[in-house]
Amino acid sequence: MVNAEIFDILKKVDFLKFLPESVLPELTNSCQRIKLSPNQVLFNEGDDGDFMFIVLSGELSVYKNKKEIDRPTPGGYFGEMALVNSKPRSATVKALVASELLVVNKEQFQSHFASSPAALMALMQTLSNHSRGNLDAAAKGHGKLQDRENLNALFRRVLDDAANEIYIYDESLDFMEVNRRSCDNLGYGEEELLGLSYADVAKGMCREKLEELLAPLKSGELAMIQRDGFHIRKDGSEYPVEMRIQMMQTETDPIFATVALDHTERKKMQEKIRVMALYDSLTGLPNRNLAIDRLDLATARALRNGDKSAVFLLGMDNFKTVNDSLGRKVGDKLLQAIGKRLVETLRREDTVARVGEEEFMIIIPSINKESRTARLAQKLLDGLSAPFGVGGHEIYVRFSMGISVFPSDGLDSQTLFANADAALHRAKEKGKSAFENYDPSMLARASRQLTLEGGMRKALERGEFRLHYQPKVDIHTGKIDGLEALIRWEHPKDGLMAPGLFIPAAEESRLIVPMGEWALNEACRQIKIWSDMGIPDVNVAVNLSGLQFAQDNLVDTVSKAVSDAGISTKNLELELTESILMENSQKAIARLAELNDLGVKISIDDFGTGYSSLMYLKIMPFHTLKIDRTFVNDVARKTDAEITKAIISLAQILDKKTVAEGVETVDQQNFLRRAGCDLIQGYLISKPLPAEDIPSLLKKLL
Ligand code: C2E
Ligand code: MG
Ligand code: MG
């Protein structure tokens, strides 16, 4: 139900009709809404409850001793008695059809109704109906103390509980009723005050002036008069108030009510209402209302920035068990601790909200990569997996999680919420701590990435990476010209893994940077070992990723690796793919020049697969072109043969050497020789081998 629909219904509620319009949105937002299914019992006779209910939709039945006494429909209300006398419910209420209710608690009631004289009067009337006319006598304005005795005791409670001053007086302005707050603020005793008139406490209001002020109420021109003024205490001092004056026509004379709102009190109350409306009282976290609001904000910003936002919905799987076995108090403390831990895990700009009994929602306003969503999900679940120490218990919680991402899973907060919820349900069905993306294929990708990433991190720490070396040989002499270092992962479970299986994930997580640095250092170390073994001048080529190439400290890293190992830079070669170099060619030229100055050689890897600009190729300082394997593979085919020949001639024009990658057959070798290729690398010569197998190979081919 949207707010406008609710306002229309609230306007039908008799004692709300008189309220200033601004109260309706406040009321709608601050009060909880509940849904009842057909035949659902809201409360039974004898139950406790400090709420009143306003029917927004549907139809209910109120009955006592099996006899129906009322059938509230939209605009109807019930339970208001509970707010003024905390006695058990005097009837049972059941929904006849699916219904929605607005729940008004005592605090909300006091702040919204007890500050409106008209609502008070309407309530007075309702109560008087309930208590069979007790109020009528008083309302007629006869007598004071004696009649007051007869005033409905319940009404007194409304008055006395109110945070505002309330004065009820007759046409002659003499007080008929004042509440406790009025006495306290003015410094009078109750009886003393009742002996006075409103003209005695309102500053600058003689009887004539007040009568003039009240005239529009009497004529029906205005329903309420609202004005700022001062009240005078018994000691003569004054204080500012906002007065709201309304009139009720009784059968005989009119009576008036002034509700005076102490400005400071009102501010406090407004803040309290705001907090109640937006925050969860148990954990102090934003509630569903505020979460939706933040999500709206996040998606609007993401849309503007072309960004993504993520919604995580976390549902605790074993909350009921904790509550049932350890009690509600422990359950509450646990929820607080969970909220705290979630907040600590996230950044300040992220929102952690409590949106259901055991459900938390997390909004990440800006997320640039899909994989970060999965990583965060895992981080959150990991964070919650450590036990919580609550009330002397060590409690392990299990959470399921549903994820939806803006804009792919929804463009508005409601859809994103609903889709995260759907994903949460799927995750719950799976059991155990799990998370689900709204798009299931994304989940598969993301979780693979996650597993890999975690594994690679550990592999770096534990030293599970290896370098294998593959020789490049002179096509004419068959002698080894150099080796290419190729990374391998000796996976504890999966065995030796080729880089194609983990390098993409390493790139995405940027782990490629430390990993590449390791490879660089390891290759330099190995060159030194071989040279110490008496094998002269082994040249080793190390592959560099684009991310490494973009590192500001790349040149330092390379020169440090060389000097740490105690080798000469001329034994080191770096392989960069064509696309890395062409992506940011201006910068690349400068970078290559620096590396060149160090004395390191450069190869352009996988040549032919990217889009090289001949202009740049002409001025880029590099030494070797490596013809991509795919062309070499298919040199039997005419076009590939022509392309290979063209690449070789290009290299010759540019005065660079060529290496053919992936040479597997003698035919390929012969073709390449005829075409003028300088070096070949491939299984025909040797597969990449562990370092310990290299010396014997070198002896054979050097
Ligand atoms: P690449 O630099 O083009 O390396 C050549 C690839 O071709 C190697 O695959 C090698 O084993 C394979 N190869 C060599 N001869 C033959 C052959 O005759 N037939 C076939 N079918 N394949 C052959 P590998 O080792 O799987 O490496 C794949 C890619 O992973 C490398 O391509 C390189 O781009 C990357 N890589 C390997 N090590 C590193 C590293 O330390 N850092 C970075 N950034 N990338 C690396
Ligand atoms: Mg390479
Ligand atoms: Mg290559």
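Relevant structure appears above.
The structure reproduced in this document is the subject of the present report. Everything numeric in this text was worked out from a predicted model, so none of it was measured.

1. With respect to the pattern of salt bridges
Part 1 of the argument: Summed over all chains, the structure comprises 31 salt bridges.
Part 2 of the argument: Taking the shortest distance from any N to any O, the salt bridge between R71 and E68 comes out at 2.8 Å.
Part 3 of the argument: On the accessibility criterion, R71 (42% relative accessible area) is partly exposed.
Part 4 of the argument: One salt bridge in this structure joins K218 and E171, with 3.5 Å as the shortest N-O distance. Taken as a pair, K218 in helix 12 (residues 207-219) and E171 in the loop between strand 9 (165-170) and strand 10 (175-178) lie far apart in primary sequence, 47 residues in all.
Part 5 of the argument: One salt-bridge network, held together by shared partners, links D280, R328, R354 and E357.

2. Some remarks on the packing of aromatic side chains
Part 1 of the argument: Taken as a whole and judged by the stated rule, the model has 15 aromatic pairs.
Part 2 of the argument: An angle of 35° between the planes, with centres 5.9 Å apart, marks the rings of F43 and F53 as tilted. Of this pair, F43 sits in strand 2 (residues 41-43) while F53 sits in strand 3 (residues 51-57); the two residues are ten residues apart in sequence, bridging distant segments of the chain. Each member of the pair, F43 together with F53, is buried.
Part 3 of the argument: Their ring planes at 75° and their centres at 5.0 Å tell us that Y469 and W530 sit as a pair that is edge-to-face. Note that Y469 is positioned in strand 21 (residues 465-474) and W530 in helix 21 (residues 512-532), a separation of 61 residues in sequence. Of the two residues, Y469 and W530, neither departs from the other in class, the shared state being buried.
Part 4 of the argument: Feature note: the residues Y167, Y169, F175, Y198 and F256 constitute an aromatic cluster, connected by ring pairs.
Part 5 of the argument: If you follow R89 out to its NZ or CZ, it ends over the ring of F43, 4.1 Å from the centre.
Part 6 of the argument: Directly above the ring of Y683 sits K687, whose terminal nitrogen or CZ lies 4.8 Å from the centroid.

3. Points about the packing of helix 21 against helix 23 (residues 554-565)
Part 1 of the argument: Here helix 21 crosses helix 23 at 30°, and the two axes come no closer than 8 Å. On the basis of the axis angle, helix 21 is roughly parallel to helix 23. Helix 23 is crossed by helix 21, and the crossing has right-handed handedness. Two secondary-structure elements touch here, helix 21 through E517, L520, N521, C524, R525 and K528 and helix 23 through T557, V558, A561, V562 and A565.
Part 2 of the argument: A breakdown of the residues in the contact of helix 21 with helix 23 according to their chemical character gives six nonpolar, two polar and three charged.

4. A word on the site of ligand 1
Part 1 of the argument: Around ligand 1, 23 residues are found, and the nearest of them are R488, D605, R629, E664 and Y683.
Part 2 of the argument: Taking Y683, its main chain carries an N or O atom lying 2.8 Å from an oxygen atom of ligand 1.
Part 3 of the argument: Here ligand 1 loses 84% of its free accessible area of 800 Å² to cover by the protein chains.
Part 4 of the argument: For the shell around ligand 1, the elements supplying multiple residues, two or more each, are strand 22 (480-491), helix 21 and strand 26 (601-607).

5. Here we look at the coordination of the magnesium ion (ligand 3)
Part 1 of the argument: Of the protein atoms, only D605 (OD), D606 (OD), E661 (OE) and E661 (OE) coordinate the magnesium ion (ligand 3), at distances of 2.0 to 2.7 Å.
Part 2 of the argument: Counting along the primary sequence, the residues that act as donors to the magnesium ion (ligand 3) give the motif D-D-x54-E.
Part 3 of the argument: Between the two metals, the magnesium ion (ligand 3) and the magnesium ion (ligand 2), the spacing is 4.1 Å, and D605 donates to both. Note that D605 is positioned in strand 26 and E661 in the loop between strand 28 (657-660) and helix 29 (666-675), a separation of 56 residues in sequence.
Part 4 of the argument: Residue D605 is classed as buried on the basis of its relative accessible area, which comes to 6%.

6. Side note on the coordination of the magnesium ion (ligand 2)
Part 1 of the argument: Protein ligation of the magnesium ion (ligand 2) involves E484 (OE), N543 (OD1), E575 (OE) and D605 (OD), the donor distances falling in the range 2.0 to 2.3 Å.
Part 2 of the argument: Summarised as a motif, the one-chain spacing of the donors to the magnesium ion (ligand 2) is E-x58-N-x31-E-x29-D.

Parameters and conventions
Residues numbered from 1 in each chain as written. Chains lettered and ligands numbered in written order. Predicted model: local features only at pLDDT ≥ 70, side-chain atom pairs only at ≥ 80, totals over all residues. Heavy atoms only, no water. Salt bridge = Lys/Arg side-chain N within 4 Å of Asp/Glu carboxyl O. Buried < 20%, exposed > 50% of the residue type's maximum accessible area, 1.4 Å probe, protein only. Helix = DSSP H or I, 4+ residues; strand = E, 2+ residues; numbered from the N terminus. Phe/Tyr/Trp six-rings, centres within 6.5 Å; stacked < 30°, edge-to-face > 60°. Lys NZ or Arg CZ within 6 Å of the ring centre and 35° of its normal. Axes fitted to C-alpha atoms, helices over the stretch in contact; angles between N-to-C directions. Parallel < 35°, antiparallel > 145°, perpendicular 65-115°, else oblique. Left-handed = near helix turned anticlockwise from the far one by under 90°. Contact = heavy atoms within 4.5 Å. Nonpolar A, V, L, I, M, F, W, Y, C, P; charged D, E, K, R; others polar. Near = heavy atom within 4 Å. Polar contact = N/O pair within 3.5 Å; in protein donor to acceptor, adjacent residues only side chain to side chain. Areas by Shrake-Rupley, 256 points an atom, 1.4 Å probe, with all protein chains shown as cover. Donors = N, O, S within 2.8 Å, 3.2 Å for Na, K, Ca; no water.

Take it as geometry only, folks, not as evidence of what the structure does.
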